[in-house]
Amino acid sequence: MASAEAYPGSEPARWKYLDQIRTRAGPFTDPDTFYGSKVASEMDRMNVLVIGAGGLGCEILKNLALSGFKNIHVIDMDTIDISNLNRQFLFRQADVGKYKAEVAAAFVMRRVKGVHITAHNKMIQDFDEDFYMKFQLVVCGLDSIEARRWINATLVNMVDEDIEDSVKPLIDGGTEGFKGQARVIIPTITSCIECQLDMHAPRAAVPLCTLASIPRQPEHCIEWAHVIAWDEEKPFPKLDKDDPEHITWLYQKALLRAREFNIPGVTYSLTQGVVKNIIPAIAATNSVIAAACCNEALKISSSCAPALGYPADNYMMYSGNDSVYTYTFRHEKKDDCPVCGNLARDLVVDPSGTLRDLVDSLAVRPEAQLKKPSLRAQNKTLYMQSPASLEEQTRPNLDRTLVELGLGDGDEVAVTDPAFATVSFKFRLVFRKAAS
Amino acid sequence: MLKIWSMKKEQQKAENAEGAAGGKKKKVTAAQLRVQKDLSELSLGTTMKTEFPDPDNILSFILHIEPDEGMYRGGKFSFTFNITPSFPHEPPKVQCREKIYHPNIDLEGKVCLNILREDWKPVLNLNAVIVGLQFLFLEPNASDPLNKEAAEDLRTNREGFKRNVRAAMAGGSVKGVIFDRVQK
């Protein structure tokens, strides 16, 4: 039998339909950016970074591998827990305790020939811009807002007008129970994660007074044990949410309180869930969101169809709470976004000049024109005009030189001024000796 | 690949941003920047003062309140503010440093103020929080009690409650509990 035949289950069969999608123009394909015949070789060369190898990450890795991406890196610092196995399908019982990134990468490489996945058992903060610069696309399946804000700020800051490849599209997926979202961020061009921060509903909190006086639900009793009883009695020096002994103590306290108010439903596992703030992860939601994200990755890479991001819609929300509902819209970029609204501008300064010289110069420099600026560097409060106590504490800095204050060439300085209530400015110091 | 680069060039025509220096330089985080902005907009008036144990760490400070009217007039109270890197997604963590007799502040210093928990929104700022704290001393609220005895006292016997507040502020005991002396 001819080996090139695409019999079911063969390698050619696996890629047949993918190739039809990515090499043939469809009715919505933009002819200006679509080069059907070159797509496959272009995608073969692309480096894609996946952040997170958990519920979403497992799906994303599998989907990307089956979408024709050949070079994938994955970052995750976590190890596999037994409770992951119900939905993180790349892991088996024997893998418990091993690194997620490593096991997931090995699994997908075993099942999809020709794909190469590099695992990094680390935190995203362990890598620098040189590392992130290697990728053409970043796909996130994270559960923390902090990590999202970090990678977002990093990618926005990396944009360099002189480096063509420095704009890395960020595809972000997120799920919470039956709800989820997929969005595409093109750093500095479209609305970023910081612009969209208000889209994340802060987790629902119960008023402290309800907990203290009129609990109505088992969760209230558990929260009471957690935030009030624990502090009063301090049964252990520090609460360790992973220590069964500590959880048992909270559980028993909550149970007593629930009896007092005739509230049924306090269990050990509910206690664990409330204290650790676990929202049940739904495998189906993860697969819907991961599919949407990887679809965007394929469309952005191949140009075979219009992708989320630019110029139109960039945010797709999904809700499976009551039947299935999705809504796609355009989230506007915010002019006063602290990350992408004001990219750091270069400010040429003399390192041996004093801070006072710099503050005074900000008033007259055409690029600043700030009359009452307050200045901070990353770990250094340089000079604050208010509040009064801080002004007093930082006033001596005015007579010190920039070098004495520990500032370095290229460091960022944030400047706020009450005259510009909604905007703040970031400057990147460029050291240049004053001509003598 | 999407023609991102030409998009960028297009967008730039109107702008005049400069190139990056690159490398691993110290960058200000979004939370820090937001706190810096909030601090420079703080209106403390004559009754409040801030104290920064480490001026380089603006995410952690103490707020002193000395109410000049209401039942708590003549007292001085202080609150620790701890702001996490998730700010303003998460509210600042605020705790009263003294043991005081107040219906909305418990003996551990926990504060029941809606915008510090269930009603916090990223659009709120530090000024909203300090105004809220100040308001608690002007108008203690008996309907949302954290210290139930104090709330009951305020509800049933306002004059008696006032006397108890004075006694507690002087470092005396109320219903068997000894309070911190917080008078000026």
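Residues numbered from 1 in each chain as written. Chains lettered and ligands numbered in written order. Predicted model: local features only at pLDDT ≥ 70, side-chain atom pairs only at ≥ 80, totals over all residues. Heavy atoms only, no water.

> Would you mind showing me how to read the sheet that holds strand β6 (residues 179-185) of chain A here?
Picture the strands of a sheet paired through backbone hydrogen bonds; they go either parallel or antiparallel. Residue and element names in this part refer to chain A. In spatial order, the strands read β3-β2-β1-β4-β5-β6-β7-β8; together these 8 strands make up an open sheet with mixed pairing. Where the open sheet ends on each side, the last strands, each with one partner, are β3 (116-120) and β8 (325-329). Geometrically, the sheet is characterised by an average inter-axis angle of 15° between neighbouring strands, direction not taken into account. In terms of strand pairing, strand β2 (residues 71-75) meets β3 through 5 bridges, oriented parallel. Considered in β3, the bridge of I72 is made with I117. Packing of helix α6 (residues 145-158) onto the sheet brings it into contact with β1 (47-51), β4 (137-141), β5 (170-176) and β6, and relative to β5 it is tilted by some 170°. (Pairing = 2+ DSSP bridges. Helix = DSSP H or I, 4+ residues; strand = E, 2+ residues; numbered from the N terminus. Axes fitted to C-alpha atoms, helices over the stretch in contact; angles between N-to-C directions. Contact = heavy atoms within 4.5 Å.)

> Can you walk me through the environment of D360(A) in this structure?
Residue and element names in this part refer to chain A. Among the secondary structure elements, D360 is positioned in helix α12 (residues 355-364). What makes D360 partly exposed here is its relative accessible area of 47%. Taking C-alpha positions, D360 is 63 Å from A258, a pair spaced 102 residues apart along the chain. (Buried < 20%, exposed > 50% of the residue type's maximum accessible area, 1.4 Å probe, protein only.)

> Just checking my understanding: could you explain helix α4 (residues 148-156) of chain B for this structure?
Because an α-helix completes one turn every 3.6 residues, residues spaced three or four positions apart along the sequence face the same direction. All names here are of chain B. By the burial criterion, the buried members of α4 are A150, A151, D153 and L154. Relative to the axis of α4, the buried residues are bounded by an arc of 160° and lie together on one face. Turned more than 90 degrees from where α4 packs its buried face, E149 and T156 sit exposed. Elements in contact with the buried residues of α4: α5 (158-169). Between the side-chain oxygen at the start of α4 and the backbone nitrogen of E149 there is a gap of 3.3 Å, and the oxygen is on N147. (Arc of directions from axis to C-beta. Polar contact = N/O pair within 3.5 Å; in protein donor to acceptor, adjacent residues only side chain to side chain.)

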